[in-house]
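Observations on the three-dimensional arrangement
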Amino acid sequence: MLNKIVKNADEAIADIQDGAVIMLGGFGLCGIPENCIAALVKKGTKNLTCISNNAGVDDFGIGLMLKTKQVKKMISSYVGENAEFERQLLSGELEVELIPQGTLATRCLATGYGMPAIYTPAGVGTEVANGKETRLFNGKTYLLEHAFDSDFAIVKAWKGDTHGNLIFRATSRNFNPLMAMAGKITIAEVEELVPAGELDPDMIHTPGIYVNRIFKGENYEKRIEQVTITKK
Amino acid sequence: MLDKFGIAKRIAQELKDGYYVNLGIGIPTLVANYVPDGIEVILQSENGLLGIGPFPYEEDVDADLINAGKQTVTTTKGSSFFDSAMSFGMIRSGRVDLTVLGAMEVADNGDIANWKIPGKMVKGMGGAMDLVASAKNIIVAMQHVNKAGESKLLPTCTLPITGLHCVKKVVTELGVFDITPEGFSCIEYAPGVSIDYIKEKTLGRLVISEHVKEMMLS
């Protein structure tokens, strides 16, 4: 019988060792695995390489792991909005590899689809292309970019079932289903966990085969970076 | 001379009914406020949304619903959500009809630099490199000169490149410029701006279109 349920975030991340390469879903602070980040901070796992589109803000998201100096390297597309990140980067405590957002997403996709690499036009003629193989297709130059190799992927979904099937909500989907496909071990934290059979198979975004561990997260803060409103 | 709202208004004249449009952060975002009456455009947000609506009322703010600038938004009728790989898939495969971006520099061959200033904290390129490498129709919205008064329309970019030969049109507070084999072709000048002033403020190759006219803003 399938048994993917773990009790909580502590149990889900218990075997993430120092020096691990981990993917974390989310775009900005939207759809980030809040529970697992808190558990990693509590556990104090060090020298992590984190693949995530952004690096959180000073006191939330991956920013919490930067504050405790648990991150050795960030692989991201955009890392603004974080003063502690900037300080560690300038002092040489933190390494950063910046890659175009579409390249980041598609390299996750390649991993999950079992493809070793992709060709993309993003970054041709820029410093991103330095040292990379290029190839001409139909008169246009493309860069060879490799699939990611990560030990763990940690994602946040709206609903999940005991088989690991996942459904995401609105723009909190972002990188989550892509990273869910790309971890050697994939951990999903969900707002609502239901028995297998309760989710409509037509509505599943991530089939459970990609998910190794699942648990119901607690106390989601869902912080918003920029609240913008229309006045009545 | 235009303010940033004027630049956005002028770019909105480029919108056509049925267009799928990606608007960058800054002046480009303002273009959404000036969509001409009677046409429908669908805005794409590269984090994974087609059909961006206005900012929500306070009671409707939803942390799961943001745009690429991480601002809370709403959806329009007929909107859809998708993951970030599909989002760049629709950009790369040429489905997005118009992309409007800000820039630090544009060269007269259509090269663009808009992601990094050496010596300053690098925040990252986000989706900019993907957009400029693939979008078929890129309009740059920017100030004509930088804070030091130097031209941002150049013979070649001096800042790190975001993409090569990709910009089709530049709209600044001084005018509208098509990128042509001859360089920047001034097709419109802003109200109150002289051709001589445009020449003075443009360092890249500049030609004045024989059809040049004053910009019309409603």
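Counting from 1, residues in each chain are numbered in the order their sequence is written. Lettering of chains starts at A and numbering of ligands starts at 1, both following the order in which they are written. In keeping with the predicted nature of the model, local features appear solely for residues at pLDDT of at least 70, side-chain atom pairs appear and are counted solely at 80 or more, and the whole-chain, interface and lining totals rest on all residues. Excluding hydrogens and water, the side-chain values take into account all heavy atoms of the structure.

What to know about the packing of aromatic side chains
Inclusion rule: In summary, the pairing rule links any two rings of Phe, Tyr or Trp, Trp by its six-membered ring, whose centres are within 6.5 Å, and it sorts them by plane angle into stacked for under 30 degrees, edge-to-face for over 60 and tilted for everything else. Going along the chain from the N terminus, every DSSP run of H or I of four or more residues is numbered as a helix, and every run of E of two or more is numbered as a strand. Exposure classes here rest on a 1.4 Å probe applied to the protein chains alone. A residue is buried below 20% of its type maximum, exposed above 50%, and partly exposed in between. By definition, being over a ring means that NZ of Lys or CZ of Arg is both within 6 Å of the ring centre and within 35 degrees of the ring normal.
Applying the stated criterion to the full structure yields two aromatic pairs over all chains. Measuring from ring centre to ring centre gives 5.0 Å for Tyr119 of chain A and Phe137 of chain A, while their planes differ by 70 degrees; the resulting arrangement is edge-to-face. Taken together, the residues Tyr119 of chain A in strand 5 (residues 117–120) and Phe137 of chain A in strand 6 (residues 134–137) connect sequence positions 18 residues apart. Residue Tyr119 of chain A is classed as partly exposed on the basis of its relative accessible area of 29%. The partly exposed category is assigned to Phe137 of chain A, whose relative accessible area is 30%. Judged by centre distance (5.6 Å) and plane angle (80 degrees), the ring pair of Phe137 of chain A and Tyr142 of chain A falls under edge-to-face. Feature note: the residues Tyr119, Phe137 and Tyr142 of chain A constitute an aromatic cluster, connected by ring pairs. The cationic tip of Lys232 of chain A hangs over the ring face of Tyr57 of chain B; the distance from NZ or CZ to the ring centre is 4.9 Å. One residue, Lys70 of chain B, lies across the ring of Phe27 of chain A, its end atom 4.9 Å from the ring centre.

Looking at the sheet that holds strand 6 of chain A
Residue and element names in this part refer to chain A. In plain terms, the rule: Here, strands pair whenever DSSP counts at least two bridges between them. In this analysis, axes come from line fits to C-alpha atoms, helices being fitted only over the stretch in contact, and the angle between any two N-to-C directions falls in the range 0 to 180 degrees. We call two residues in contact when some of their heavy atoms are within 4.5 Å.
Reading across the sheet, the three strands line up as 5-7-6 and stay open at both edges, with antiparallel pairing between neighbours. Strands at the two margins of the open sheet, each flanked by one partner only, are strand 5 and strand 6. On average, adjacent strands in this sheet sit at an angle of 35 degrees to one another, irrespective of strand direction. With four bridges joining them, strand 5 and strand 7 (residues 140–146) adopt antiparallel strand pairing. Note that in strand 7 the partner of Ala117 across the bridge is His146. Together, strand 5 and strand 7 form the strand contacts of helix 5 (residues 101–113), whose direction differs from that of strand 5 by roughly 150 degrees.

Points about empty space enclosed by the protein
All names here are of chain A. Stated precisely, the cut-off is as follows: Whether a set of points on the 1 Å grid over the protein atoms alone is a cavity depends on a 1.4 Å probe fitting there but being unable to get out, while an open set qualifies as a pocket with protein on both sides within 12 Å along at least five of seven lines; lining residues are those with an atom within 4 Å of a point. Grid points are joined across faces, edges and corners, and a volume is the space filled by probe spheres set on the points.
According to the stated counting rule, one finds four cavities of 30 Å³ or more in the structure shown. In this structure, the largest cavity encloses a volume near 60 Å³. Lining of the largest cavity is provided by 13 residues; of these, Gly28, Ile32, Ser52, Asn54 and Ile62 occupy positions nearest its centre.

Comments concerning the sheet that holds strand 7 (residues 112–113) of chain B
Residues and elements named next belong to chain B. Spatial strand order, 7-6-9: three strands in an open sheet with mixed pairing. A single partner strand is all that each edge strand has here, and the edge strands are strand 7 and strand 9 (153–154). Where strand 6 (residues 105–107) meets strand 7, two bridges bridge the pair, whose relative direction is antiparallel. Its bridge partner lying in strand 7, Glu105 is registered against Ala113.

A closer look at the interface of chain A and chain B
Let me state the cut-off plainly: The term buried area denotes the loss of accessible surface (1.4 Å probe radius) that occurs when two parts are joined, taken as the sum for both partners. A pair is scored as a salt bridge if a Lys or Arg side-chain nitrogen falls within 4 Å of a carboxyl oxygen belonging to Asp or Glu. Here a polar contact means two N or O atoms within 3.5 Å. Within protein one must be a hydrogen donor candidate and the other an acceptor candidate, and residues neighboring in sequence count only if both atoms are side-chain atoms. We call Asp, Glu, Lys and Arg charged. Ala, Val, Leu, Ile, Met, Phe, Trp, Tyr, Cys and Pro are nonpolar, and the rest, Gly among them, are polar.
Across the contact, 50 residues belong to chain A and 47 residues belong to chain B. Here chain A meets chain B over a buried area of about 4,000 Å², counting both sides, of which 60% is carbon and sulfur. Broken down residue by residue, the surface that chain A buries against chain B is led by Phe27, Thr171 and Thr228 of chain A, which jointly contribute 15%. Between chain A and chain B we count five salt bridges in total. Joining chain A to chain B, the criterion identifies 27 residue pairs in polar contact (both at pLDDT 80 or more). Of all the secondary structure elements, the ones that give two or more residues to the side of chain A that touches chain B are helix 4 (83–90), helix 5 and helix 6 (176–180) of chain A. Top element by residues in the side of chain A that touches chain B is helix 5 of chain A. It accounts for six residues. Considering only residue class, the side of chain A that touches chain B consists of 22 nonpolar, 18 polar and ten charged.

Things to note about the confidence of the model for chain B
The criterion, for reference: Confidence of the predictor in every single residue is expressed as pLDDT, which spans 0 to 100.
Of all residues in chain B, 100% attain a pLDDT of 70 or more, and the chain-wide mean is 96. Model confidence for the complex: the whole-complex pTM is 0.96, and ipTM, which rates the interface, is 0.96.

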